[in-house]
Amino acid sequence: MLGSIAALSRLNSLLSRISLWLAGSGLVAMTIIVFAQVFMRYVMNDSLLWVEPVAILLMSWFIFLGSAVGVHESFHMGFDVLLFFLPEGAGTWLRALSDLAVLTFSIGMAVYGWQLMERTWDSTLPVIRLPGGFSYMPLFVGGVLMTLFVLEHLLNRLSGRKAEAEPDAEDILMTEA
Amino acid sequence: AECEITLRSSDTHPDGYPTVEGVKAMAAEVKEKTEGRICIEVFPSSQLGEEKDTIEQTQFGVIDMVRASFGSFNDIVPITQTLSLPYLYTSPEHQHAVMDGPIGEEIAAAFEEKDLIALAYYDGGARNFYNSQKPIQTVEDLKGMKFRVMQNDVFVDMMSALGANATPMPYGEVYSSIQTGVIDGAENNFPSYDSSGHAEVAKYFTLDQHLMVPELVAVSKTSWEKLSPEDQEIMRTAAKNSATIQRQLWAEQEKASEEKVIAAGAEVIRDVDKTAFIEAMAPVYEKYVTTPEAQDLVKRIRETQPAQ
Amino acid sequence: MEYLILFGVFTVLMLIGTPIAFCLGISSLATVGYMGLPPLVVFQRLSAGISVFTLMAIPFFIFAGDLMVRGGIAARIVAFAGSLIGHVRGGLGQVNIAASTLFGGISGSAVAEAAAVGGIMIPQMKERGYGADYAVNVTSMSALIALLLPPSHNMIIYSISGGGRISIADLFTAGIIPGLLLAAALSVTAYIVARKRGYPTEAFPGFARVGYYLLQSLPGMLLIAIIFGGVRSGVFTATESSCIAVIYAVLVTVLVYRSMSWRDFVHATQQAVRTTAMVLLIIGMAGAFGWLMAYLHVAQISLNWMQSVSDNPLVILLMINIVLLVLGTFMDMSPLIIITTPIFLPVVAAFGVDPVHFGVIMILNLGIGLNTPPLGPVQFVAAAVARISIWEAMRSVWPFYIAGLTVLMLVTYVPALSLWLPSVFK
Ligand code: NA
Ligand code: NA
């Protein structure tokens, strides 16, 4: 049991690092192409038609990849005042319950993300002419990653270990918008 | 009596807009004929999502009905693209005759393959060019000008065929972009030209009627199959009747908006050499009317006589 | 029953510490499940909710802010403010507020501002004999100026939550006078408290130094002109100007200041991804939650209820302000904007309140909530930098709260403070 948690944990660290890099590259790529569009319109007097749909796809990718990283690193903002006042044992159980809810949602995200992809595959995205299903691919991939990440937290809690570093005040502060 | 069945219908336009009022008229008739058993509830103003989203929701059976422009169906039901081609219809009456005839039935079959039951075709009005620079009368006048168009392949190619630059941008940005000269103009129908305030910044309105894109009122196949054949018949009739009402409301609205923008100083250019515009569309038709079926469809539309 | 599930599940999950984004998503999923609707719709709304071009301004402004903090733009602005007004009573407190005002003109994040300005100012203030609590209070309250002055990504969130039809240029313009008013009110408060506590003043360094620091900070401050000038004149859209802000911040820090290393850049990018993903996931999830609220007519129901309580817009605005202040104590700003705008905006609109005016009220109100425990991220940052507890900071914050609440009341009941400036540009 503990061995397989450790294996999952190693896999997840790798996936999370890759996701963070991909998401960062997506943000940079989005900046560059939107700037290219501004440049073309104002300086070259011409419009790049593909920029808007491509930029939206990129944004979708880095949000879902970044959100999955957020599950791995536990940086999503929550309200854990109540947990503060509860005895530690109760807190662990409530956190496990919360993980279970997130797990359910993540599985739903993967399953229904896949279904949405399938059901919109034979429509077409305007201008870039890709199958419509492409717009739901980030949802599916994000769902799979979140499922793996939250599963690790849950298994860690159930096996009595402290899950991946709980967000301490400083971490939350620095990521808060 | 209480509603036994409530059908939720989405519209992106605000309350009071002819499409919203059209579906409400249908709702009133259905309610009356079913003695209050079936209620149709309209959610206006994109409350349930944009057209593309609510079409998907209707296909999936999440909501029951949708009113959307053929433009939003182009990438789902390809035949709608042929029916949205520029300068295809000579007048609104021509379009009504096409949609109410056998061609309308064929399209309904194409929608049904995508889990949508087409009940009525509404009038989407004629879209026209407007700009801040000069009165446009000929194709040459359009050369090199920048126009905002909807994010749709046909519309973008149409602009290139006319020698103008298509600039896709969010609708909300159009006003200030015309004002500051980022673009020269945009294109839309009279009511939107008025309500968007674009008439204030782009006073030359060329009545070229380049696009007449039909509007569809459709029911989700899932919801449809739950209705008895009698109720389905009531729905169909009510929808057909509502189309007549909607077209009437649309014409009135168009007239009122036209008078309003003219009074506010807009210059409407009616003397347009449409033949040259139509001829300039040859590459667009070549690109999008490729199959024998589509070619035949275009031919039959051109042969259809306008309704009286 | 549907309502109970939607709001009940949301509340329960929130209390057990589930991240807000998932509270929204899971409660929507539970409600859809109960009503027998296809669960697919929750995920469609989630995806559609973030596939909006205007939203792109949010990652860009956040990214630009992270680059400016890491690349030393903020530090140069603080130096300039210091040379300019350090000689006023309670000098460093005034410098803190002035720097927040200037930096607030290029950054939209109160937390980034508290970290950037507070990180530089608080240690200096402590060293020069100012109370740490005073330093924290000045920092955390003046950080809110960034929310009101353009750019402000929370205003973009508000515009989108209001259906995308509220002009971002008008919102940006409307925040300027309230932002400056807040700066003035805090400056007066800081002065009074400083006099009472006998805090020192700094020597005026002479106009040559002021000029030198101005020149140093000018490349950074030029962004004010690019962002506000661009958006207001309509030459750039909000999205375009936010993208230009990123490119510009990179150019200034790499080429002009030469203060940005590759490592710094990677850090700033990853930090921006984290913040952006967190904020935008909430927006996406709220897309599902908001869809259900529309489907269930929540706005209509709350309008009817409010109308039954009072038909006086002044009373309605007061009620909404109180509700927002309470919610703002417990919850974060962006999710609150996303959740409450679709409910409150139709209500106040029915009472004749301008949506742009209401946006400014909401941003300032929820901004104050960023400085109240238990969830007060701005105050947390400032206190963490000063190494004091929240409770120490809280003991002496009340004069600053009073200043903030006074400005909130003025902004609420004098619409012209928000609406006059946008009308000038029409
Ligand atoms: Na700002
Ligand atoms: Na708070």
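What counts and how
Residues numbered from 1 in each chain as written. Chains lettered and ligands numbered in written order. Predicted model: local features only at pLDDT ≥ 70, side-chain atom pairs only at ≥ 80, totals over all residues. Heavy atoms only, no water. UniProt positions renumbered as here; feature names shortened; annotations may be inferred. Contact = heavy atoms within 4.5 Å. Buried area = accessible area lost by both parts, 1.4 Å probe. Salt bridge = Lys/Arg side-chain N within 4 Å of Asp/Glu carboxyl O. Patch = residues over 30% accessible without salt bridge, like charges linked within 9 Å, V, L, I, M, F, W, Y side chains within 5 Å. Areas by Shrake-Rupley, 256 points an atom, 1.4 Å probe, with all protein chains shown as cover. Lys, Arg positive; Asp, Glu negative; His and termini not counted. Charge placed at Lys NZ, Arg CZ, Asp CG, Glu CD. Helix = DSSP H or I, 4+ residues; strand = E, 2+ residues; numbered from the N terminus. Donors = N, O, S within 2.8 Å, 3.2 Å for Na, K, Ca; no water. Buried < 20%, exposed > 50% of the residue type's maximum accessible area, 1.4 Å probe, protein only. Polar contact = N/O pair within 3.5 Å; in protein donor to acceptor, adjacent residues only side chain to side chain.

- For chain C, an unreviewed UniProt entry supplies the name TRAP transporter large permease protein and the organism Paracoccus aerius.
- What UniProt states about chain C under its Sequence similarities (unreviewed entry) heading is, verbatim, "Belongs to the TRAP transporter large permease family."

## Here's the deal with the interface of chain A and chain C
- The interface of chain A with chain C comprises 57 residues on the first partner and 64 residues on the second.
- Taken together, both faces of the contact between chain A and chain C bury some 5,600 Å²; the carbon and sulfur share is 80%.
- For the interface between chain A and chain C, the tally reads two salt bridges.
- Residue Glu-240 of chain C pairs with Arg-41 of chain A through a salt bridge whose shortest N-O separation is 3.0 Å.

## Side note on a negative patch on the surface
- On the surface, Glu-140, Asp-271, Asp-273 and Glu-279 of chain B cluster together into a patch of negative charge.
- Position of Glu-140 of chain B relative to the elements: it lies in helix α6 (residues 139-142).

## As for the coordination of the sodium ion (ligand 1)
Residue and element names in this part refer to chain C.
- Those donors, Gly-104 (O), Ser-107 (O), Ala-146 (O), Leu-149 (O) and Pro-151 (O), are the protein atoms that reach the sodium ion (ligand 1), and they lie 2.3 to 2.4 Å from it.
- One chain supplies every donor for the sodium ion (ligand 1), spaced along it as G-x2-S-x38-A-x2-L-x1-P.
- For Leu-149, a relative accessible area of 6% translates into the label buried.
- Judged by its relative accessible area of 1%, Pro-151 falls in the buried class.

## Things to note about the environment of Gly-220 of chain C
All names here are of chain C.
- Position of Gly-220 relative to the elements: it lies in helix α13 (residues 207-233).
- A C-alpha to C-alpha distance of 9.8 Å links Gly-220 and Tyr-257, two positions 37 residues apart in sequence.
- Setting aside residues no more than four positions away along its own chain, Gly-220 makes contact with Ile-73, Ile-106 and Tyr-257.

## Describing the interface of chain B and chain A
- Taken residue by residue, the interface counts 16 residues in chain B and 17 residues in chain A.
- For the chain B and chain A pair, buried surface summed over both sides reaches about 1,600 Å², with 47% attributable to carbon and sulfur atoms.
- Three residues stand out in chain B for area buried against chain A, namely Phe-60, Asp-75 and Gln-151 of chain B, and they jointly supply 35% of the buried area on that side.
- Scanning the region where chain B abuts chain A turns up three salt bridges.
- When the shortest N-O distance is used, the salt bridge between Asp-122 of chain A and Lys-114 of chain B registers 3.1 Å.
- Viewed at the interface, chain A and chain B are joined by four residue pairs in polar contact (both at pLDDT 80 or more).
- Only α2 (51-59), α7 (153-161) and β7 (165-168) of chain B provide two or more residues apiece to the side of chain B that touches chain A.
- The leading source of residues in the side of chain B that touches chain A is β7 of chain B, at four residues.

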